[in-house]
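Each chain is listed here by its residues.
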Number of protein chains: 4
Amino acid sequence: MAKIGIVGGTGYTGVELLRLLAAHEQAQVVAITSRAESGRRVDELFPNLRGHYDLAFSEPEVDKLAACDVVFFATPHNVAMNLVPELLAAGTRVIDLSADYRLRDAALWSRWYGEPHASPEFLDEAVYGLPEVNRAAIAGARLVACPGCYPTSVQLGLIPLLARKLVDPAHLIASAASGVSGAGRQAKIDNLLSEASDSFKAYGVNGHRHLPEIEQGLADVAGEAVRVTFVPHLLPMIRGIHATLYAQLTADAGDLQALYENWYADEPFVDVLPAGMFPQTRTVRGANRCQLAVTVPQGRDTVVVMSVIDNLVKGASGQAVQNMNIMLGLPETMGLQQVGLLP
Amino acid sequence: MAKIGIVGGTGYTGVELLRLLAAHEQAQVVAITSRAESGRRVDELFPNLRGHYDLAFSEPEVDKLAACDVVFFATPHNVAMNLVPELLAAGTRVIDLSADYRLRDAALWSRWYGEPHASPEFLDEAVYGLPEVNRAAIAGARLVACPGCYPTSVQLGLIPLLARKLVDPAHLIASAASGVSGAGRQAKIDNLLSEASDSFKAYGVNGHRHLPEIEQGLADVAGEAVRVTFVPHLLPMIRGIHATLYAQLTADAGDLQALYENWYADEPFVDVLPAGMFPQTRTVRGANRCQLAVTVPQGRDTVVVMSVIDNLVKGASGQAVQNMNIMLGLPETMGLQQVGLLP
Amino acid sequence: MAKIGIVGGTGYTGVELLRLLAAHEQAQVVAITSRAESGRRVDELFPNLRGHYDLAFSEPEVDKLAACDVVFFATPHNVAMNLVPELLAAGTRVIDLSADYRLRDAALWSRWYGEPHASPEFLDEAVYGLPEVNRAAIAGARLVACPGCYPTSVQLGLIPLLARKLVDPAHLIASAASGVSGAGRQAKIDNLLSEASDSFKAYGVNGHRHLPEIEQGLADVAGEAVRVTFVPHLLPMIRGIHATLYAQLTADAGDLQALYENWYADEPFVDVLPAGMFPQTRTVRGANRCQLAVTVPQGRDTVVVMSVIDNLVKGASGQAVQNMNIMLGLPETMGLQQVGLLP
Amino acid sequence: MAKIGIVGGTGYTGVELLRLLAAHEQAQVVAITSRAESGRRVDELFPNLRGHYDLAFSEPEVDKLAACDVVFFATPHNVAMNLVPELLAAGTRVIDLSADYRLRDAALWSRWYGEPHASPEFLDEAVYGLPEVNRAAIAGARLVACPGCYPTSVQLGLIPLLARKLVDPAHLIASAASGVSGAGRQAKIDNLLSEASDSFKAYGVNGHRHLPEIEQGLADVAGEAVRVTFVPHLLPMIRGIHATLYAQLTADAGDLQALYENWYADEPFVDVLPAGMFPQTRTVRGANRCQLAVTVPQGRDTVVVMSVIDNLVKGASGQAVQNMNIMLGLPETMGLQQVGLLP
């Protein structure tokens, strides 16, 4: 039974980790930290957890965390990069759900996050935790940087096309939409129900922090630079990301349905839908799963890929547990077999 | 053309006043104040107003406000009671949408609002702005206290029963539910879409500030003390209040449908639905209207009244404009003929 | 491993049974019927089930169903009462999620459902499947009538008060609200998103079919006739029931918090919240759990109980699986430990 | 005062016409037809209209309709094309909100609608009712084909780029999303709140009927053939369309903000937002307005335009009234000055 610590447990990825780990046979959460809520029972803040945990939030103390086998950071950026060096030095393995170690280039990171990186010496060692790409490296990693929610959905959707060099890498378009939980459990007027409900808008059009992460990951797969026009939108709902991806075919694409089905045939958490069926975010609600569809409308030269995930599961906490399973040598699907909650 | 000032224009009752007054033939908003947004164009904060106003928020200055014919306070409680004395002294008439002057008893006010009242000497003069009860007094008032949203829906629903002494006044039940806009445009975690959407809960069960206001108003009508068990609930939607009212019949009620229809026959903004039709909040969305239904389920001795309003219109800004029309001697319906937005 | 059949698998209680049973260690769904969808893969209709079932809908054939250990009816009323006699004769045990066997009085059933009962001879044998009341009888039952969703939430909320004779049984009020999934997966204009979203209304005020079921169950507990004014409302959301229950105290209630906590202390699926905390439907979303709170506002003589369930889980399919576990002698919580999906 | 008839008044565009015309000074609805609801009061079906209309649905009779000055068809396709010839012959002017006369090519129409066109001889005469393009022709038209909702938002967003030949016309991308009201007031399982709420999906990806209409309109403006990859999505909300448009710049675009502002400077219902502000569907809710923003993310070579409308107003009934105003020589904005309902 692995001992698990969670830093920053009051946000949505924190409570989602707790939900998933409550059903995990080989992991036990022994510490969950929050400065603001220190001393308060976890199930008082999140009554869905009543009966599942007998645990209170505690101050983040490195000693206590270092006693864990794995520590998850379910924090905003700029927390992990300050604590991780100590934890690694103590021999604790870390899965960071924040953005701190996702970009390999410290200067690029600084440009997008507006401050210097606190521990750039670990950027090279950190493994980008997209199991469908980096499974082997994750297994041996001390530090895994869990992908962002948009980047997960966009990369899983475009990888086969770029790996096979079927599309123009300089003109990729990712028109994506996320439920409001992606903005976290923070008091902001823009995310009030009265503001975000019954409406739809684009945001961050001129530059969202997930853009460099997407381009880094896709360039690795493509073997060359890629350019993505990434427009995120805010959906009037809680959970779910839907990425609609557009690319210009540069070659005879052949049977794209077969390409996608074969590419992901052995992946437990990527599900290519049968031809003619398009994904909906609700069919993956609460599940650690990406559902994909690919088509070329009107038989022209633009390919459209649709990719859905639950941003809090395959886009965050579920993927983090998947990484943990790989790191600990457990079956990759352990604790992650939840059926999507439909309706 | 009456010159109008609005204090506290960045909240939902503020923008709703602007929406309604944009279509008003005899009123022109000349000043709208906000300390936080001073200098910012109104239509930058609320892009629905583009093309309708050429106005920026300004600091609240008494001189400027005093030059208005009518000043609305669209503020939280504890603002109006400090400024109103000066405005009245300057001859400006005031319509306060906040709770500051709704209770006649300063001690009661202090108990519920947790602080002394700043200008208790005006509590007697202030007219409670429910036109269906106080129309004549409103016409001559210098200071009108606009009713709360829940109190409007609950009182309009129970008045005929209490005035006719048909029910037990000591065991009234008001099970009411409001859209989240009732909580205002404030950054609170509880009102995030991710928290309030797709859920339903009661709140303030042991004591909501609208309770003393409801009991004061109903006691006036009943001619005796009343006791209301008032349980508000939070609806996963933006606008609308639905009050389901239960009372024990103490006499042969006779034809309640006829009673209600007759009671409100001349009221432009209270609409008793035909027998067998129940109200929905959506049919009054955006409209200054209360729709009512009354029935006695299973022919027993409990009467059920259903009352719906748009909390921001008949429950706040629409009712405020209705009061303004009465005070200025204008047709009561001027600028208030909007059809509900359905669907 | 028990062999399970489901009659009527295309509705929401059907897909929810499949979701729950996918994680059940001792039950395997071997047949799921639907005339309309016969031959179609289950996971084509419900893509959340992809990878969890390799099953297609089939015609309802008694032979095939009779080979099951337990058959669930996830049908509208008027289906089970025609098929159940044959299944029982074949030795198959039945859990009926519909209303066919919930009322013991065939005449009463006919009055509310508008037709004669097809197999009234089984009404006496049928056990009302509310484990918190009838656990022992359920264990030995051949035929269990699963309670309705509203009746589950209302009964669990009122039982302690009535059993202890603390309230007036003739003037109970159940002001309840349900998400739209309670109306089933049927094409009705009233339940379109454009009609039911962003709105709230009461319905069935003069007589909802769950009323006689509620009164029958509560009378059993009270040991005398009860009268409930039951007003259901439609919530603009998918899952969840919130019942707000009002009763007049007829005696010194004592410590109601302690009463409720003790009453349900050993119940795995009824959770009395700590004093001062009120339930929300979202904290039980997807979970087989009823969360309760009790209070006496303003220290007067009206007690208020709040009771929430997920209408599709503790209000239907989860409770059905709970009954199955009891009938099969399995641990009552097997397969029912899901944590509520929050946010 | 123009006499107005509405054919097919039970759908959402019908009730929206009634809402808008209730406030119109120069138009009076004298007939509204519905076979299914003939004889029923309009305000019984749509209680938001109570007090605004004293009108019942009637059978569609050509004689009665021909007595109107203008007849609106608020019907599905395949109704207008059978009745219009008779009405035109009688001298009645027609504004068709359906798709029957939107495509000039009868063969193309048949391919997309799966049946022969019933009155192809009027396709040439019909004027495509996008005032921003065809104002002069609309003024003199006998028959106006109101644009579809998606086509309105997409065309208004792309026109300046195509007219100025700044982008590749063969690789336009329209990633658009609509509220569920766009699907009409029809009982379909897919549009139930339980199905469409809290989810997001693409649909009609391989061919939506609005595609040929979009391409026809844009080709007219571009002066050459265009190819649009049009992917519509279903939003979990009632009203609003957001089109996110992507195009490859083929020339130095210059100051696109200035281009858009100038292009639409005199248009009363197209509002180009200030640079850096992006549109939201909620700011045009209930208003006859298109709000636009244009930007080139990261200074690369892909231009992004965002375009929002209320699908029932500028995307249907509001635009229809705008056409009526033009046809009748009235001020174009008469009856269409509603402020968007925010929040």
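Calculation rules
Residues numbered from 1 in each chain as written. Chains lettered and ligands numbered in written order. Predicted model: local features only at pLDDT ≥ 70, side-chain atom pairs only at ≥ 80, totals over all residues. Least-squares fit on C-alpha atoms with pLDDT ≥ 70 in both. Contact = placed C-beta atoms within 7 Å. Buried ≥ 20, exposed ≤ 12 C-beta atoms within 10 Å, placed from the backbone. Helix = DSSP H or I, 4+ residues; strand = E, 2+ residues; numbered from the N terminus. Arc of directions from axis to C-beta. Pairing = 2+ DSSP bridges. Right-handed = clockwise from strand over helix to strand, strands pointing away. Nonpolar A, V, L, I, M, F, W, Y, C, P; charged D, E, K, R; others polar.

Novice: Can you help me understand the relation of the copies chain A and chain D in this one?
Specialist: The relation between the two copies of this chain is a rotation about an axis and a shift parallel to it. Screw-axis analysis of chain A against chain D gives a translation of 0.0 Å along the axis, an RMSD of 0.0 Å, and a rotation angle of 180 degrees. Read as a symmetry element, the transformation amounts to a two-fold axis. In this assembly the copies share their binding face: 100% of the residues contributing to the interface of chain A also contribute to that of chain D.

Novice: What should I look at first to understand helix α4 (residues 80-89) of chain B in this one?
Specialist: Helical geometry note: an α-helix holds 3.6 residues per turn, so side chains three or four residues apart project in the same direction. Residues and elements named next belong to chain B. A80, M81, L83, V84 and L87 are the residues of α4 that are buried. Angular distribution of buried residues about the axis of α4 spans 155 degrees; they occupy a single face of the element. Residues N82 and A89 are exposed on α4 and point more than 90 degrees away from its buried face. For α4, the secondary structure elements touched by its buried residues are β1 (2-7), α3 (62-66), β3 (70-73), β4 (93-96) and β6 (143-145).

Novice: Looking at this structure, how should I read the relation of the copies chain C and chain D?
Specialist: When chain C is fitted to chain D, the residual RMSD is 0.0 Å, and the transformation amounts to a turn of 180 degrees plus an axial shift of 0.0 Å. Mapped onto chain D, 100% of the interface residues of chain C are again interface residues, and the two copies thus contact each other with one and the same surface.

Novice: Looking at this structure, how should I read the pairing of strand β4 (residues 93-96) of chain A?
Specialist: Residues and elements named next belong to chain A. Summarising the sheet, strand β3 (residues 70-73) and β4 pair through 4 bridges and their orientation is parallel. The residue bridging V71 from the neighbouring strand is V94, located in β4. Between the parallel pair β3 and β4, the chain is carried across by helix α4 (residues 80-89), and the sense of this crossover is right-handed. Where β4 and strand β6 (residues 143-145) come together, 3 bridges link them in parallel fashion. Within the sheet, the bridge partner assigned to V94 lies in β6 and is L143.

Novice: It is not clear to me how the interface of chain A and chain D should be interpreted in this structure. Could you clarify?
Specialist: Accessible area lost during the coming together of the parts is what is often quoted as the interface size. With 40 residues of chain A in contact, the opposing surface of chain D contributes 40 residues. Elements with a contribution of two residues or more to the side of chain A that touches chain D: β7 (172-178), α8 (193-196), β8 (201-202), β9 (228-234), β10 (241-248) and β13 (302-309) of chain A. Element by element, the count of residues in the side of chain A that touches chain D is highest for β10 of chain A, at 4 residues. Taken together, the residues of the side of chain A that touches chain D break down into 18 nonpolar, 16 polar and 6 charged.

Novice: What's the story with the pairing of β9 of chain A in this structure? I'm lost.
Specialist: Each regular strand carries side chains that alternate between the two faces of the sheet. Residue and element names in this part refer to chain A. Burial analysis of β9 places 7 of its 7 residues in the buried class, the great majority of the element. Residues V228, F230, P232 and L234 point to one face of β9 and T229, V231 and H233 to the other, with burial holding for every one of them. Relative to β9, β7 runs parallel, the two being bridged by 7 bridges. When the bridges of β9 are listed, S178 appears paired with L234. Looking at chain direction, β8 and β9 are connected through 2 bridges and run antiparallel. Bridging from a neighbouring strand, A202 pairs with H233 of β9.

Novice: Just to check I follow, could you spell out the sheet that holds β7 of chain A for this structure?
Specialist: Across a sheet, paired strands are connected by hydrogen bonds in the backbone, their directions being either parallel or antiparallel. Residue and element names in this part refer to chain A. A sheet is described by the order of its strands in space; here 7 strands give the open sequence β8-β9-β7-β10-β13-β12-β11, paired in mixed fashion. Of all the strands in the sheet, just β8 and β11 (270-272) have a single pairing partner and so form its edges. The pairing of strand β12 (residues 290-295) with β13 spans 5 bridges and is classified as antiparallel. If you follow V294 over to β13, its bridge partner there is V305.

Novice: What should I look at first to understand the interface of chain C and chain D in this one?
Specialist: Listed per partner, the contact involves 15 residues of chain C and 15 residues of chain D. With 3 residues, the single largest contributor to the side of chain C that touches chain D is helix α8 (residues 193-196) of chain C. Its residues assigned to classes, the side of chain C that touches chain D comprises 8 nonpolar, 4 polar and 3 charged.

Worth remembering: the numbers are spatial, not functional.
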